[in-house]
Amino acid sequence: MRGEILSLLPQLRGFARFLTGQPAAADDLVQETVLRALGALEQFTPGTSMKAWLYTIARNLFYEQARKGRRERDVMSDYACRPDQAESGASAGEADALRDLNGAIWQLTPRLREALVLVGVQEMTYAEAAHVCGVTVGTLKARVSRARVQIMEYMQAGAGGEG
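Residues numbered from 1 in each chain as written. Predicted model: local features only at pLDDT ≥ 70, side-chain atom pairs only at ≥ 80, totals over all residues. Heavy atoms only, no water.

A. Focus on the nonpolar core. Counting residues in hydrophobic clusters, the biggest one holds 42 residues, and the most contacted among them are Trp53, Leu54, Leu118 and Leu140. For this core, the element with the most residues is helix α3 (residues 50–67), which contributes 10 residues. (Core = buried A, V, L, I, M, F, W, Y, C linked by side-chain atoms within 4.5 Å. Buried < 20%, exposed > 50% of the residue type's maximum accessible area, 1.4 Å probe, protein only. Helix = DSSP H or I, 4+ residues; strand = E, 2+ residues; numbered from the N terminus.)

Take a look at the structure:
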């Protein structure tokens, strides 16, 4: 089981980065997640998804920390304003598109962004992502759908403002 946890660390860090918006905070969240997971290995049900279990721990930790004084909106604003998000080898148009998409993702509510990231970026099934978020599959599908619609609206509004 420990080997499986280790193999999931890169994906877990990616999810933590989307939750926190900062590399250092993501690393801290992953570290705390792994510590909690190792301390509670006997609670893991063999045959179920280790990935979903770890993501659930990370998500719960993130919201627990947010309730204790972390201000998620400030973290996201800082991340969204950083210009270093585009790929260095991308053309100017591609870099602008990446910044626009990044901006669109950060315009979503945390719940919609979380659902989209789990399904679209982390490639979880709807069932796994629903388990992580503590909602039904139908609720998760609705969140992903709303997130996609809002991103398209944001991107179209940005394209309409150019020219």
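B. Quick look at the packing of aromatic side chains. Using the criterion set out here, one finds three aromatic pairs in the structure. Residues Phe44 and Trp53 carry aromatic rings whose centres are separated by 5.2 Å and whose planes lie at 55° to one another, so their mutual orientation is tilted. Taking relative accessible area as the criterion, Phe44 reaches 7% and is therefore assigned buried. Between Phe62 and Tyr63, the ring centres sit 5.3 Å apart and the planes meet at 70°, which makes this aromatic pair edge-to-face. The burial state of Phe62 is the same as that of Tyr63; both residues are buried. Above the plane of the ring of Tyr63 lies Arg111, whose end atom (NZ or CZ) is 5.0 Å from the centre. The aromatic ring of Tyr126 is capped on one face by Lys141, whose charged end is 5.4 Å from the ring centroid. (Phe/Tyr/Trp six-rings, centres within 6.5 Å; stacked < 30°, edge-to-face > 60°. Lys NZ or Arg CZ within 6 Å of the ring centre and 35° of its normal.)

C. Expanded view of α3. Helix length check: α3, at 18 residues, gives a terminal C-alpha distance of 26 Å against a target of 26 Å (1.5 Å per residue), a fit within 8%. Of all 18 residues making up α3, 14 are buried, and the element is well covered by its neighbours. (Expected span 1.5 Å × (residues − 1).)

D. Region of the structure containing the environment of Leu61. In this structure, Leu61 sits in helix α3. When the C-alpha atoms of Leu61 and Val30 are compared, they prove to be 9.6 Å apart, with 31 residues separating the residues in sequence. Contact partners of Leu61, with chain neighbours within four places excluded, come to Leu29, Glu32, Thr33 and Arg36. (Contact = heavy atoms within 4.5 Å.)

E. Main features of the side chain of Thr56. Turning to its location among the elements, Thr56 is positioned in helix α3. Contact partners of Thr56, with chain neighbours within four places excluded, come to His131 and Val132.

F. The arrangement of the pattern of salt bridges in detail. Summed over the entire model, instances satisfying the criterion amount to four salt bridges. One salt bridge in this structure joins Arg13 and Asp27, with 2.4 Å as the shortest N-O distance. Within this pair, whereas Arg13 is found in helix α1 (residues 2–20), its partner Asp27 is found in helix α2 (residues 23–39), the two being separated by 14 residues in sequence. When its relative accessible area of 30% is taken as the criterion, Arg13 is described as partly exposed. Between Glu114 and Arg59 there is a salt bridge, with the nearest N and O atoms lying 2.7 Å from each other. Of this pair, Glu114 sits in helix α6 (residues 110–121) while Arg59 sits in helix α3, and the two are 55 residues apart along the sequence. Accessibility assignment for this pair places Glu114 and Arg59 in one class, buried. (Salt bridge = Lys/Arg side-chain N within 4 Å of Asp/Glu carboxyl O.)

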